[in-house]
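The primary structure of each chain is shown beneath.
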Amino acid sequence: MARWVMWGCLGLLLVAGALGVGVYFLLIRPAQALLGEFTQVFRLEQEVRDQRPYTPPPGAPLSPDQVQRFVRVQREVRQGLGARFTALEGRLEQLSQQVGGRAQLDYRVALDLFRDSGALVTEAKRLQVQALNRHGFSVGEYAWVRREVYSALGYGVPTLNPQEILRQIGSGDFNPKVDLSRSPAPQASLRLVEPYRQELQRYYPLTWFGL
């Protein structure tokens, strides 16, 4: 009897150890990577040359020029990432379908991006900053256009609070949550973005990280 009890305890310890290893690799390590990526993203955004606030005319729809510049920025990020973006496209599309229409983002669904992806988001942010400067976007204008573009497609975009996200992750909360902001979209804006719907949807999960 004592021997069976000993083997039973040993088995439980092995199961607990395996679960602990699984939690580390599936949740804790990706969350730690997320913390490092967010820190770099917030730092890199300071390299956008135009930091002026942007105030759009009340009720104004997106302009064709804004949509075209926005699409160019996203395309340059994708092209700069090359095969790394291509390798993630299926996962990005799946995440986009999971979150579409929600009012709040649960970052646990996004942690897959940090498995075997290295510094993907930091590299993407660096490419984005270069593209923003090249196409004359300020931080404020790009944020507004991004929200309006995805609102027209029925998606919300997080309003990132760097200090709050870092506080949540740094305190051991490996599942930070943020609200997804979506505004009523004029039909004129929907007509402008509709031709790009498919590529905008594939890119959508990267907006969760300030992209």
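Here the structure is shown first, and the text comes after it.
A. Region of the structure containing helix α5 (residues 139-152). The end-to-end C-alpha distance of α5, which contains 14 residues, comes to 20 Å, matching closely the 20 Å that a straight helix rising 1.5 Å per residue would cover. The element α5 is largely enclosed, with a buried count of 11 among its 14 residues. Buried within α5 are the following residues: Val139, Glu141, Tyr142, Trp144, Val145, Arg146, Glu148, Val149, Tyr150, Ser151 and Ala152. Following α5 by one or two positions, Gly154 adopts a phi angle in the positive range, close to 90°.

B. Looking closely at the sheet that holds strand β1 (residues 104-106). Read across the sheet, three strands follow the order β1-β3-β2 without closing on themselves; strand pairing throughout is antiparallel. Pairing within the sheet leaves two strands with one partner each, and these edge strands are β1 and β2 (157-158). One ladder, built from two bridges, connects β2 with strand β3 (residues 177-181); its direction is antiparallel. Residue pairing for β3: Pro158 is matched across the bridge by Leu180.

C. Looking closely at the packing of aromatic side chains. Summed over the entire model, instances satisfying the criterion amount to eight aromatic pairs. For the pair Tyr150 and Tyr155, a centre-to-centre distance of 6.4 Å together with 85° between the ring planes defines the contact as edge-to-face. Tyr155 sits in the buried class, given a relative accessible area of 10%. Put simply, the rings of Phe70, Phe137, Tyr142, Tyr150, Tyr155, Tyr204 and Trp208 pair up and form one aromatic cluster. Directly above the aromatic system of Phe137 lies the positively charged group of Arg69, at a separation of 4.2 Å from the ring centroid.

Parameters and conventions
- Residues numbered from 1 in each chain as written.
- Predicted model: local features only at pLDDT ≥ 70, side-chain atom pairs only at ≥ 80, totals over all residues.
- Heavy atoms only, no water.
- Helix = DSSP H or I, 4+ residues; strand = E, 2+ residues; numbered from the N terminus.
- Expected span 1.5 Å × (residues − 1).
- Buried < 20%, exposed > 50% of the residue type's maximum accessible area, 1.4 Å probe, protein only.
- Pairing = 2+ DSSP bridges.
- Phe/Tyr/Trp six-rings, centres within 6.5 Å; stacked < 30°, edge-to-face > 60°.
- Lys NZ or Arg CZ within 6 Å of the ring centre and 35° of its normal.

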